[in-house]
Amino acid sequence: MPQFEFATVVWPQLIWLAIFFAILYFGIVQFTLPKLGKVMTAREDQMTGDLATAEKAQAEATQLGEDYDAGVAAAQEAARAQLTAARLSATAAVEAKLAAANTLLDAKAATAQAALDAARGKALAEIETVAAEAATAIVEKLTGTRPAETDAAAAARAALA
């Protein structure tokens, strides 16, 4: 079989192999590798650009988050200040109304006390009169003589005191 005669067949096959290898290799290197290099460079540039864009977007998002947090904190502080001011205003209004009510109640209490004192004085005067009349009637009944009105009034005053 001639294909197994390595002495005569191997060298021409190796030469043809080398020729086709060189043609294919340099053809691929000359035409394919520059295109492949351009694709790899474009891909690397796009990835670098995308990474830069992503980092920029992340920095902006971080800044927006910090600004938002600062805004929320400022709004909360403003709300607390308004709440404190409202509480102080309400407290002052309530205290003013309470003071006015206390003044009115004190005036009414003073008027009532004066009326009570007047009624007590009138009642004591009437009690003295009734006690003096009763004492006069009792003394007259017991002794048969009517005592003087002034003596009876003085005795009733002394007994009530």
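The paragraphs below set out a description of the structure included in this document. Values in this document were obtained by computation on a predicted structure and should not be read as measured data. (Residues numbered from 1 in each chain as written. Predicted model: local features only at pLDDT ≥ 70, side-chain atom pairs only at ≥ 80, totals over all residues. Heavy atoms only, no water.)

1. Comments concerning the overall build of the chain
Working step 1: Within the chain one finds two helices and zero strands.
Working step 2: For the chain, the C-alpha radius of gyration of 62 Å lies well beyond 15 Å, the compact-globule estimate for 161 residues.
Working step 3: Based on the C-alpha atoms only, the size of the chain along its principal axes is roughly 190 × 35 × 15 Å.
Working step 4: Counting all 161 residues of the chain, 3% fall into the buried class.
Working step 5: When the accessible area of the chain is evaluated, it comes to approximately 13,500 Å², of which 68% is carbon and sulfur surface.
Working step 6: Placing the 13 positive and 19 negative side-chain charges of the chain at their respective mean positions leaves the two points 7 Å apart. (Helix = DSSP H or I, 4+ residues; strand = E, 2+ residues; numbered from the N terminus. Rg over C-alpha atoms; globule rule 2.2 N^0.38 Å. Buried < 20%, exposed > 50% of the residue type's maximum accessible area, 1.4 Å probe, protein only. Areas by Shrake-Rupley, 256 points an atom, 1.4 Å probe, with all protein chains shown as cover. Lys, Arg positive; Asp, Glu negative; His and termini not counted. Charge placed at Lys NZ, Arg CZ, Asp CG, Glu CD.)

2. Thoughts on the pattern of salt bridges
Working step 1: Scanning all chains against the criterion turns up four salt bridges.
Working step 2: We note a salt bridge from Arg146 to Glu140, for which the minimum N-O separation is 2.8 Å.
Working step 3: On the accessibility criterion, Arg146 (52% relative accessible area) is exposed.
Working step 4: A salt bridge links Arg146 to Glu149, with the nearest nitrogen and oxygen atoms 3.5 Å apart. (Salt bridge = Lys/Arg side-chain N within 4 Å of Asp/Glu carboxyl O.)

3. A few points about the environment of Ala107
Working step 1: Positionally, Ala107 belongs in helix α1 (residues 6–143).
Working step 2: Here the alpha-carbon distance between Ala107 and Tyr68, two residues 39 residues apart in the chain, equals 58 Å.

4. Focus: the packing of aromatic side chains
Working step 1: Following the criterion strictly, the structure yields three aromatic pairs and no others.
Working step 2: Seen in terms of ring centroids, Tyr25 and Phe26 are 5.3 Å apart; in terms of plane orientation they differ by 75 degrees. Their pairing is edge-to-face.
Working step 3: A connected cluster of aromatic rings, assembled from ring pairs, spans Phe21, Tyr25 and Phe26. (Phe/Tyr/Trp six-rings, centres within 6.5 Å; stacked < 30°, edge-to-face > 60°.)

5. Remarks on the side chain of Thr136
Working step 1: Mapped onto the secondary structure, Thr136 falls in helix α1.
Working step 2: Not counting the four nearest positions on each side in its chain, Thr136 is found in contact with Arg146, Pro147 and Ala152. (Contact = heavy atoms within 4.5 Å.)

Remember, this is a structural readout, not a statement about activity or role.
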